[in-house]
Amino acid sequence: MKVLTARDDAVLIECSSLDETIALFDALTALRIPGVGEMVPGARTLLVPFRPARVTAEEIEAAAAAADLSGVRTGEPRRLEIPTRYDGEDLAEVAELLGISADEVVRRHTSSTFTVGFVGFAPGFAYLTGDDPVLDVPRRSTPRTRIPAGSVALAGTYSGVYPRESPGGWQLIGTTEVPMWDLDRDPAAFMAPGDLVTFSVAAATERARSTLSAARANAPREAEPEHPRGNADRGSALEVVSPGLQTLFQDLGRDGYAGMGVSASGALDAPAHRQANRLVGNTAAAPTLEVAYGGLLLRARGPQVVAVTGAEVPLTVSGAVPRTAPFGAAFALDDGDELQLGSPAAGVRSYLAVRGGFDAPPVLESLATDLLAGLGPDALQAGDVLGVLAPHATLVAASPVADAQPRELPRAGGDTVELRIVLGPRDDWFSAEEIERFTSQDWHVTPQSNRVGVRLDGDALTRAKSGELPSEGCVSGAIQMPPNGQPVLFLADHPLTGGYPVLGAVITDDLPLAGQLPVGAAVRFRIVAPRTHTPRTQTPGELR
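Please read all numbers here as calculations on a predicted model, not as lab measurements. (Residues numbered from 1 in each chain as written. Predicted model: local features only at pLDDT ≥ 70, side-chain atom pairs only at ≥ 80, totals over all residues. Heavy atoms only, no water.)

Q: I'd like a rundown of the overall build of the protein, residues and numbers included.
A: Helices and strands together make up the secondary structure of the protein, namely eight helices and 33 strands. For the protein, buried positions account for 53% of its 544 residues. Expressed as a percentage of contacts within the protein between residues at least 6 apart in sequence, the contacts between residues at least 24 apart total 73%. Looking at the protein as shown, the accessible area adds up to about 23000 Å², and 52% of this sits on carbon and sulfur atoms. (Helix = DSSP H or I, 4+ residues; strand = E, 2+ residues; numbered from the N terminus. Buried < 20%, exposed > 50% of the residue type's maximum accessible area, 1.4 Å probe, protein only. Contact = heavy atoms within 4.5 Å. Areas by Shrake-Rupley, 256 points an atom, 1.4 Å probe, with all protein chains shown as cover.)

In structure tokens:
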């Protein structure tokens with residue numbers, strides 16, 4: 001095994017095969033090492049996040065080296081069948097690449113037994129390894145911007161089914177009506193690691209409908225809320241007059257669902273989220289509204305106490321007593337008052353908390369809105385009524401304490417923002433000269449940036465290695481390098497796994513700043529040592 005730095009609080013353990021990866025995952029899971037977070041298996045790697053205050057990277061490395069990998073998973077694996085129409089756009093091209101007929105591709109695919117190795121990229125997207133070595137095709141040279149949900153696809157030695165419409169570079173050979181991800185089903189993901197899967201062509205449509213009907217019939221259902229935003233019509237609430245450019249529910253994220261391909265998501269500027277809740281007397285876990293670039297207009301239904309933090313915006317209240325409200329402090333709204341958030345001069349995202357917290361139905365135990373996965377409440381719209389819970393008796397004494405060190409947030413066209421990074425795990429895909437070029441230039445935030453990732457533009461880098469990297473786990477802050485040499489800085493809604501090399505990762509302490517980068521901001525990266533964050537050049541793949 002080889003242990004690589006993935007972030008200042010995460011390592012990537014290289015294994016010799018998928019079987020060894022799964023065995024190591026099972027062994028480390030059984031050890032229950034204090035401070036180790038939710039691990040993410042990849043094709044030949046295991047991503048292990050950890051809390052440095054509880055456990056060190058060296059201790060994790062020692063545990064992995066001593067782990068018994070001879071065991072196998074207990075219990076009989078589930079056997080699943082996916083009825084498929086082999087009508088994919090790339091079927092003829094796949095046949096040509098393999099030097100066989102399209103009918104032979106279908107025959108081999110339906111004769112194979114696939115094992116679910118790991119789930120990543122998107123909720124419900126399972127990487128299936130087959131037993132036919134002939135089915136080995138490269139990804140498309142140019143990824144599609146839109147692949148329909150239910151597309152059955154090949155890439156390398158893997159098969160997979162796209163759970164929802166998304167971009168992708170896999171070769172499309174068919175479609176299925178069996179949903180890979182369905183929150184009305186328990187579990188929501190159709191496939192899980194260790195399952196045995198076969199594809200079939202017989203009566204594809206009817207059998208898919210039968211599978212779906214049976215799954216839904218056996219799934220427990222929760223009562224539907226009376227209102228899409230909670231039971232707000234008859235009580236304390238905030239009404240959305242205008243949502244601004246984008247306003248989302250966020251909290252501290254949803255942990256425990258990586259096995260289904262679901263990332264944690266959550267507020268991009270977690271310190272600002274916590275501060276807003278603290279100011280109104282809520283717990284840190286209470287949901288807030290994440291407001292991008294301002295513009296939100298709310299009307300109070302009943303008296304409310306709110307606070308706004310993060311990217312500083314002007315706050316005006318219109319009502320019986322028009323006034324300016326303080327930013328970064330709790331203030332009261334009377335029934336009928338309207339609160340307007342202006343545009344931030346610096347940063348992107350402001351956070352609005354209301355005393356008592358918002359009353360809305362969670363999705364997978366969280367109100368975080370994950371844009372890539374399509375999980376969580378929809379973005380707010382004009383006319384939405386957001387229910388407000390009564391404050392808990394022990395939480396009504398709000399804290400007036402602000403952050404000890406106010407942050408200077410980045411501005412479009414302003415001074416260059418410095419983000420600290422650690423190198424790895426795939427910095428060895430780039431020469432020392434290219435890494436020097438990466439850290440010595442300013443990169444500019446493009447309009448294609450969002451909660452999934454910040455797309456940067458600059459003097460493109462050239463890889464020292466060619467070929468494709470097997471999919472492996474990625475962290476928030478990971479800096480992926482696509483073939484065009486323009487980096488993508490992953491944020492909270494990033495895919496759990498990716499196939500482009502990650503040159504380095506923004507350290508945990510700087511992630512909130514990365515989440516506040518506006519379009520047009522200039523960014524420069526500085527390499528630090530994983531543990532001390534002191535300036536120092538790492539050697540490729542070094543773990544300290």
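On we go.
Q: Quick rundown of empty space enclosed by the protein? Include the residues and the values.
A: The final tally for this structure, using the stated rule, is two cavities of 30 Å³ or more. Put simply, the largest cavity is a space of about 60 Å³. Lining of the largest cavity is provided by Ala6, Leu12, Leu47, Pro425, Glu472, Gly473, Cys474, Val475, Ala478, Val502 and Ala505. In terms of residue class, the lining of the largest cavity is made up of nine nonpolar, one polar and one charged. What the second largest cavity holds in volume is close to 40 Å³. Looking at the second largest cavity, it is lined by 13 residues, and the ones nearest its centre are Ser263, Asp370, Leu372, Ala373 and His494. Grouping the constituent residues of the lining of the second largest cavity by class yields eight nonpolar, three polar and two charged. (1 Å grid on protein atoms, 1.4 Å probe; cavity = no way out; pocket = protein on both sides within 12 Å on 5 of 7 lines; lining within 4 Å. Points joined across faces, edges and corners; volume = space filled by probe spheres on them. Nonpolar A, V, L, I, M, F, W, Y, C, P; charged D, E, K, R; others polar.)

Q: Explain the sheet that holds strand 14 (residues 237–242) to me, and be specific about the residues and the numbers.
A: Strand order across the open sheet formed by six strands is 20-19-22-17-14-24, with antiparallel pairing between neighbours. Looking at strand neighbours, the two that pair on one side only are strand 20 (323–325) and strand 24 (385–387), the edges of this open sheet. Each neighbouring strand pair of the sheet contributes to a mean axis angle of 30 degrees, computed without reference to strand direction. As defined by bridge partners, strand 14 adjoins strand 17 (residues 297–301) across five bridges and the pair is classed as antiparallel. Residue pairing in the sheet places leucine 238 in a bridge with alanine 300 of strand 17. (Pairing = 2+ DSSP bridges. Axes fitted to C-alpha atoms, helices over the stretch in contact; angles between N-to-C directions.)

Q: If you had to explain the pattern of salt bridges to someone new, which residues and values would you point to?
A: The final tally for this structure, using the stated rule, is 27 salt bridges. Residue glutamate 177 pairs with arginine 85 through a salt bridge whose shortest N-O separation is 3.2 Å. Residue glutamate 177 is located in the loop between strand 12 (171–175) and strand 13 (196–200), and its partner arginine 85 is located in the loop between strand 5 (79–83) and helix 3 (91–98); the two are separated by 92 residues in the primary sequence. On the basis of relative accessibility, which here comes to 31%, the residue arginine 85 falls in the partly exposed class. Of the charged contacts in the structure, one is a salt bridge between aspartate 428 and lysine 465, with a shortest N-O distance of 3.4 Å. (Salt bridge = Lys/Arg side-chain N within 4 Å of Asp/Glu carboxyl O.)

Q: So, the side chain of glutamine 480: which residues are in play, and what are the values?
A: Tracing the backbone through its elements, the reader meets glutamine 480 in strand 29 (residues 478–480). Here glutamine 480 falls in the buried class, since its relative accessible area comes to 7%.

Q: Run through the sheet that holds strand 32 (residues 502–506), naming residues and quoting values.
A: Read around the closed barrel, the seven strands follow the order 25-32-29-30-27-26-33; overall the barrel is mixed. When strand polarity is set aside, the average angle formed by the axes of neighbouring strands in this sheet is 40 degrees. Contacts from helix 7 (residues 432–440) reach strand 25 (417–423), strand 26 (443–445), strand 29, strand 32 and strand 33 (522–527), with the element oriented near 130 degrees to strand 33.

Q: An account of the packing of aromatic side chains is needed here, citing residue identities and associated values.
A: One pass over the structure, following the stated rule, counts 13 aromatic pairs. Centre to centre, the rings of phenylalanine 121 and phenylalanine 125 are 5.4 Å apart; their planes meet at 70 degrees, and the pair counts as edge-to-face. For phenylalanine 125, a relative accessible area of 1% translates into the label buried. Between phenylalanine 438 and tryptophan 443, the aromatic rings sit 5.8 Å apart at their centres with planes inclined by 45 degrees, giving tilted as the arrangement. The exposure class assigned to tryptophan 443 is buried, which follows from its relative accessible area of 0%. An aromatic cluster is built from Phe118, Phe121, Phe125, Tyr127, Tyr158, Tyr162 and Trp170, whose rings are joined through pairwise contacts. (Phe/Tyr/Trp six-rings, centres within 6.5 Å; stacked < 30°, edge-to-face > 60°.)

Q: How would you sum up a nonpolar patch on the surface? Please name residues and give values.
A: A cluster of nonpolar side chains, namely Leu245, Tyr293 and Val519, defines an oily patch on the protein surface of about 280 Å² accessible area. Position of leucine 245 relative to the elements: it lies in the loop between strand 14 and strand 15 (246–250). Note on leucine 245: relative accessible area 66%, which makes it exposed. (Patch = residues over 30% accessible without salt bridge, like charges linked within 9 Å, V, L, I, M, F, W, Y side chains within 5 Å.)

Q: Account for helix 1 (residues 18–31), naming residues and giving values.
A: An ideal rise of 1.5 Å per residue puts 20 Å on 14 residues; helix 1 measures up with 20 Å between its terminal C-alpha atoms. Within helix 1 the residues assigned to the buried category are Leu18, Thr21, Ile22, Ala23, Leu24, Ala27 and Leu28. Where helix 1 is buried, its residues touch strand 2 (10–14), strand 3 (40–41), strand 4 (45–49), helix 2 (57–66), strand 6 (114–119) and strand 7 (126–129). Immediately beyond the C-terminal end of helix 1, within one or two residues, lies arginine 32, with a positive phi of roughly 50 degrees. (Expected span 1.5 Å × (residues − 1).)

Q: Lay out the nonpolar core with the relevant residues and their values.
A: Counting residues in each nonpolar core, the largest one holds 37 residues, and the members touching the most others are Leu419, Ile421, Phe438, Leu489, Leu503, Leu517 and Phe525. Other than its neighbours up to four places away in sequence, phenylalanine 438 contacts Ile421, Trp443, Leu461, Ile479, Met481, Pro487, Leu503 and Phe525. (Core = buried A, V, L, I, M, F, W, Y, C linked by side-chain atoms within 4.5 Å.)

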